[in-house]
Amino acid sequence: MGLLSGLGRFGLDNLENVNVYEEAKPLKKVEVVKPVPKAVQEQDFLFDRTYSCPVCGREFKNRMVRTGKAKLIGSDIDLRPRYEQLDILKYDVVLCPICGYTALGRFFEAVTPLQAKNIINAISVRFTSPVETKEIYTYDDALERYQMALANAVVKKAKASEKAYICLKTAWILRGRGENLDQSLPDYKMQKEQCGEKETEFLRHALDGFLEARRSETFPVCGIDQYTADYLIAAIAARFEKYDLSGRLVTEILLSKSAGVRVKNRARDLKEILVQKLKEKKDSSE
């Protein structure tokens, strides 16, 4: 007699002899397909920010990097920052596509009525807006935008520090362009050399501008304190073999009781480089 005998009276006689613990059939193995993570693209770090132009009064959108999205992985001796996935320097210029007013983000809204008038008369009346809007900027796009920022700074008679800062960042853009050139290009070597030459030219003007700012302006300038500016001057001066100037500023930073730990550490690193450069120079002259 099965456990279910008697169910016939319910019309379920077919179940009377069923094995209650019938061995379950093994389940077919289902292969779990893991989703392939989406590759991070440069545009994933960007968004459109709306600006109101202080020169023409019109609104426009400009590509910007989301705050805190990009990860800083280091910096060059002259403080050029390096980030994973993208070069945020390409997006530090704000350009009004209507009147042509252009400036670094930190300076964009700071325009006097006289400066606006000068920009309108010297730039806006001749400005031709680029037709296309781009999701990401190439280094060539960024270079044009920095050149526009410098032209506007000259026209509006900006302080030496602002023009120097634009020149410094333009040099960084050229360095980035050179580092990211496609080596399969037929004129790769020529383009690489041109990037280096232009970078040097902009760095030279940055040095002149920061030296002028040091003489004539009150710090901080461009968000840079006195000691950071002195370090920048020392780092750029070293590139042009102005070792006396570079060494003097490094010494002042290291002896200062007011300079921060970070800038002092950078100054120590630069001092080691200067010592090595001077040794190499001495050895080559003997």
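Residues numbered from 1 in each chain as written. Predicted model: local features only at pLDDT ≥ 70, side-chain atom pairs only at ≥ 80, totals over all residues. Heavy atoms only, no water.

A. Up close: the side chain of Asp 76. Relative to the helices and strands, Asp 76 is located in the loop between strand E3 (72-75) and strand E4 (81-83). What Asp 76 contacts, discounting residues up to four positions off in sequence, is Arg 82, Arg 175 and Arg 266. (Helix = DSSP H or I, 4+ residues; strand = E, 2+ residues; numbered from the N terminus. Contact = heavy atoms within 4.5 Å.)

B. Summary view of the packing of aromatic side chains. In this structure the tally under the stated criterion is five aromatic pairs. Taken together, a centroid distance of 5.5 Å and an interplanar angle of 75° make the contact between Tyr 51 and Phe 108 edge-to-face. Of this pair, Tyr 51 sits in strand E1 (residues 46-52) while Phe 108 sits in the loop between strand E6 (102-104) and helix H1 (113-124), and the two are 57 residues apart along the sequence. Taken together, the aromatic side chains of Tyr 51, Phe 60, Tyr 101 and Phe 108 make up a single cluster linked through ring pairs. The residue whose ring lies beneath Lys 90 is Tyr 139, and the NZ or CZ to ring-centre distance is 5.0 Å. (Phe/Tyr/Trp six-rings, centres within 6.5 Å; stacked < 30°, edge-to-face > 60°. Lys NZ or Arg CZ within 6 Å of the ring centre and 35° of its normal.)

C. Region of interest: the pattern of salt bridges. Enumeration according to the criterion identifies 19 salt bridges in this entry. Between Asp 92 and Lys 169 there is a salt bridge, with the nearest N and O atoms lying 2.3 Å from each other. Linking Asp 92 in the loop between E4 and strand E5 (93-95) with Lys 169 in helix H3 (residues 160-179), this pair joins segments that are 77 residues apart in sequence. Residue classification places Asp 92 among the partly exposed residues on the basis of a relative accessible area of 24%. (Salt bridge = Lys/Arg side-chain N within 4 Å of Asp/Glu carboxyl O. Buried < 20%, exposed > 50% of the residue type's maximum accessible area, 1.4 Å probe, protein only.)

Geometry only, nothing functional implied.
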